[in-house]
Amino acid sequence: MSVDGDGLSASEIAQGVIGRKMSALSVTEAALARIAKRDPVLNAFTDVTGDRARAKARAIDAEVAAEKNPGPLAGVPFAVKNLFDVQGLTTRAGSKINRDLKPATRDATLIERLEAAGAVLVGALNMGEYAYDFTGENVHDGPSRNPHDATRMTGGSSGGSGAAVGGGLVPLALGSDTNGSIRVPSSFCGIFGLKPTYGRLSRARSFPFVFSFDHLGPFARSVGDLALAYDAMQGPDPDDAACTTGPAEPVTPLLAQDIGGLRIAIAGGYFQNNVFPEAVEAVARVAKALGTTRVVEIPEAARARAAAYVITTTEGASLHLERLRKRPDDFDPAVRDRLIAGAMIPAPFVDKAQKFRRWYRARVLELFKSVDLILAPATPCVAPKLGQVNFVLDGAELPVRANIGIHTQPISFIGLPVVAVPVPLEPMPIGVQLIAAPWREDIALRVAHALERMGVAAAPSPRGL
C-alpha cells in the first residue's frame, strides 16, 4: 500500500489512515503535490486550499493517535466545483462577475458533511460559467482539459471535477447536474458519477442555476467510493427547501447484493438515435453483460428535452436578469445570449412546458412499474476536441455545445437518479446512464458495482498526462 495514498481509492486511504499505515498529512501533501504537477495540463483547479487541508489532516492524525475514528473518509482528499461555498473563498460559479462578491462565511452543507466524515478539502474546481455549459470550456479561467487527451473537452459544466478525478489528482470530487453536468464529464473523462434523485442531497450554500432542476452529487473512480461519499452526504437539511425530510438510506452495505432479480431494459427510440458508433457500442456492452435485450420506449423524450430547455433558459434568465442589465459585457457571450433569449420567451410557453413536465413524469413513472433500471447513452460521442463548434449527428450538422446533453436532459427534467458508468473504449472512454426510479439510487449503484466487478465498467488510468 502506498504510504501517501497515490493511486489508492478513497476507501483504501481511509483504511490506511485509520490503521496507521499512512498519515492524513502525508496523503494531503501528496495530493497537493499531484495538483501542482499535473494541473498545469488539466486546468482543473481554480483555488487550492493547502493551509486549510493541512490543518484538517493534522486534526485527523491527532484523532487517530488518540484512538478515535475520524470517519469512513478519514484523510481522503476531495475538491468541489467552484459554485460550492467554501469558507474564505469567493464563490465564483465560473463567472467574472461573481469574483466581486465577498468570500463565503460558511461551507456548503455537502462540504461540511464530507469533512465530518473525515475527508479533506483541497480546493475548488473550474466549471462552465454559471453552470450553463456542456463543454468544460471557460472564457475567464480557460478550459479544463481531458485527462486522456489534453486536446479534448472534459465536458461540462463540472469540467474541473471530471478532470480532477479522471486525472487522478483527487479520488473524490463534487459537482452539480442541472441538465447533465455530472453525467457528461463522467462520460468524457471516464469516471463514475452520481446524479441523485432531485431533493436527495442538500444544495444549501451552492450557487444556483435552475432551482427546479439543480442536483449536487459526487464523482469517483470506483462505485465503492461513489457510495461512500453519497452516504456521508445524505440527510435532511432545513437550509434547502427542496431537500428530503426523510432519513438517510445508506447504500454501501447493499452494493454486493445480487442483481439477478432486477428487471433491466434498454431505452429505445430517441435514445438509440442521435448517437455515434461508440455510444452504441458502450450501451451494447453493458446490456450484454447484464443479460438484457428488452427495449422500452421513454415517451416523448424529444419533447421533454425541448421543455427542459424552455424551463432552463427562463429560470436562468430570471436569476441573472440584473447582472444581464448591468454587466452584459462581463458574461461569456454564449451564456449571455442564451440567457437573454430566455428572458424573452413568452409566459405561455413556460406554462406549457411545466404542464408537459407533469404529464411526462407520470408516464415515465408508469414504466418503472415493470422495470427497475433503464440503460441509455450518457453522451452521443466521446469527448470532442477543444474548440470544436459542430458535429454531425444522424446526418445533420449540429452545434456541439447545445447537443452534448441530448440524452441527459430528458432524465434530469424529472429528477430521476442516475449513475453514469465509464466504458473504457479505445482510444477514449464513454459513459452509459443507469437510470432508476425516484429514491432508488441503491439499484443504480448495485448494478454499477456489478458492472465494475465484471470489468465492463472501469475508470481507465489517465493517458494525457
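All of the points below concern the structure found in this document.

So, how was this worked out
- Residues numbered from 1 in each chain as written.
- Predicted model: local features only at pLDDT ≥ 70, side-chain atom pairs only at ≥ 80, totals over all residues.
- Heavy atoms only, no water.
- Helix = DSSP H or I, 4+ residues; strand = E, 2+ residues; numbered from the N terminus.
- Buried < 20%, exposed > 50% of the residue type's maximum accessible area, 1.4 Å probe, protein only.
- Core = buried A, V, L, I, M, F, W, Y, C linked by side-chain atoms within 4.5 Å.
- Contact = heavy atoms within 4.5 Å.
- Salt bridge = Lys/Arg side-chain N within 4 Å of Asp/Glu carboxyl O.
- Axes fitted to C-alpha atoms, helices over the stretch in contact; angles between N-to-C directions.
- Parallel < 35°, antiparallel > 145°, perpendicular 65-115°, else oblique.
- Nonpolar A, V, L, I, M, F, W, Y, C, P; charged D, E, K, R; others polar.
- Disulfide = S-S within 2.5 Å.
- Phe/Tyr/Trp six-rings, centres within 6.5 Å; stacked < 30°, edge-to-face > 60°.
- Lys NZ or Arg CZ within 6 Å of the ring centre and 35° of its normal.

Quick word on unusual backbone geometry
Along the chain, Gly 156 connects to Ser 157 via a cis peptide bond; the corresponding omega equals 5°. As for its position among the elements, Ser 157 is in the loop between strand E5 (149–153) and helix H5 (159–166). Of note, the bond from Glu 426 into Pro 427 is cis; its omega dihedral lies within 30 degrees of zero at 0°. Mapped onto the secondary structure, Pro 427 falls in the loop between strand E14 (418–423) and strand E15 (430–436). The backbone of Asn 43 shows a phi angle near 55°, a positive value even though the residue is not glycine. Assessed through its relative accessible area of 18%, Asn 43 is described here as buried. Here Trp 439, not a glycine, exhibits a phi torsion of approximately 70°, which is positive. Relative to the assigned elements, Trp 439 resides in the loop between E15 and helix H14 (441–454).

Some thoughts on the nonpolar core
Membership of the largest hydrophobic core comes to 150 residues, with the highest contact counts inside it found for Phe 45, Leu 73, Ile 298, Phe 413 and Leu 434. With eight residues, helix H7 (residues 223–233) is the single largest residue contributor to this core. Leave out the neighbours within four places in its chain, and Phe 45 touches Ile 35, Asp 39, Ala 79, Val 122, Gly 123, Ala 124, Leu 125, Ala 164, Leu 169 and Val 170.

Describing the pattern of salt bridges
For the structure shown, the criterion picks out 33 salt bridges. Its salt-bridge partner being Glu 29, residue Arg 54 comes within 2.8 Å of it at the nearest N-O pair. Note that Arg 54 is positioned in helix H3 (residues 50–65) and Glu 29 in helix H2 (residues 24–42), a separation of 25 residues in sequence. Overall, the relative accessible area of 24% leaves Arg 54 in the partly exposed class. Classification of Glu 29 by relative accessible area gives partly exposed; the value is 32%. The partner of Arg 205 in a salt bridge is Asp 239, and the shortest N-O contact between them spans 3.1 Å. Placement of the pair is Arg 205 in the loop between strand E7 (192–195) and strand E8 (215–220) and Asp 239 in the loop between H7 and strand E9 (264–267), with a sequence separation of 34 residues. For Asp 239, a relative accessible area of 45% puts it in the partly exposed group.

As for the packing of helix H8 (residues 277–290) against H14
Where H8 contacts H14, the two axes come as close as 11 Å, and the packing angle between them is 95°. When the axes of H8 and H14 are compared, the pair comes out roughly perpendicular. Judged by residue contacts, Val 286, Ala 289 and Leu 290 of H8 engage Val 447, Leu 451 and Met 454 from H14. The class makeup of the residues in the contact of H8 with H14 is six nonpolar, no polar and no charged.

Focus on the state of the cysteines
When the sulfur atoms of two cysteines share a covalent bond, that bond is a disulfide. Summed over all chains, the structure comprises zero disulfides. No disulfide involves Cys 189; its nearest neighbouring cysteine sulfur is the one of Cys 381, lying 13 Å away. Under the relative-accessibility criterion, Cys 189 is labelled buried at 0%.

What about the packing of aromatic side chains?
Evaluated as defined, the whole model comprises 10 aromatic pairs. Relative to Phe 413, the ring of Phe 213 has its centre 5.9 Å away and its plane inclined at 80°; by these criteria the two rings are edge-to-face. Of this pair, Phe 213 sits in the loop between E7 and E8 while Phe 413 sits in the loop between helix H13 (409–412) and E14; the two residues are 200 residues apart in sequence, bridging distant segments of the chain. Consider the rings of Phe 356 and Phe 413, whose centres lie 6.3 Å apart with planes at 25°: the pair is stacked. Of this pair, Phe 356 sits in helix H11 (residues 347–367) while Phe 413 sits in the loop between H13 and E14; the two residues are 57 residues apart in sequence, bridging distant segments of the chain. Accessibility assignment for this pair places Phe 356 and Phe 413 in one class, buried. Three or more aromatic residues joined by ring pairs form one cluster here, namely Phe 213, Phe 356, Trp 359, Tyr 360 and Phe 413. Residue placement shows Arg 203 over the ring face of Phe 211; its charged tip is 4.1 Å from the ring centre. Residue placement shows Arg 338 over the ring face of Tyr 132; its charged tip is 3.9 Å from the ring centre.

Looking at helix H4 (residues 109–116)
The element H4 is extensively covered by neighbouring structure, given that six of its eight residues are classed as buried. Within H4, burial applies to Thr 109, Leu 110, Ile 111, Arg 113, Leu 114 and Glu 115. The elements touched by buried residues of H4 are H3, strand E2 (77–81), strand E3 (120–125), strand E6 (172–177), E8 and H7. In the segment just after H4, Gly 118 is the residue with positive phi, at about 105°.

As for the environment of Val 310
Among the structural elements, Val 310 can be located in helix H9 (residues 301–326). Discounting residues that sit within four places of it in the chain, Val 310 has contacts with Ile 345, Phe 349, Val 350 and Ala 353.

Remarks on the environment of Phe 391
Among the structural elements, Phe 391 can be located in strand E12 (residues 390–393). Judged by its relative accessible area of 5%, Phe 391 falls in the buried class. For the pair Phe 391 and Asn 126, spaced 265 residues apart in sequence, the C-alpha separation works out to 25 Å. Each residue touching Phe 391, except ones within four places of it in the same chain, is listed here: Phe 276, Pro 380, Cys 381, Ala 396, Glu 397, Leu 398, Pro 399, Val 400 and Asn 403.

Some remarks on the packing of H7 against H14
Close contact between H7 and H14 brings their axes to 9 Å; oriented N to C, the two are set at 155°. If you check the angle between H7 and H14, you find them roughly antiparallel. Contacts from Val 223, Gly 224, Leu 226 and Tyr 230 of H7 reach H14 at Glu 441, Leu 445, Ala 448, His 449 and Glu 452. Here the contact of H7 with H14 is composed, by residue class, of five nonpolar, two polar and two charged.

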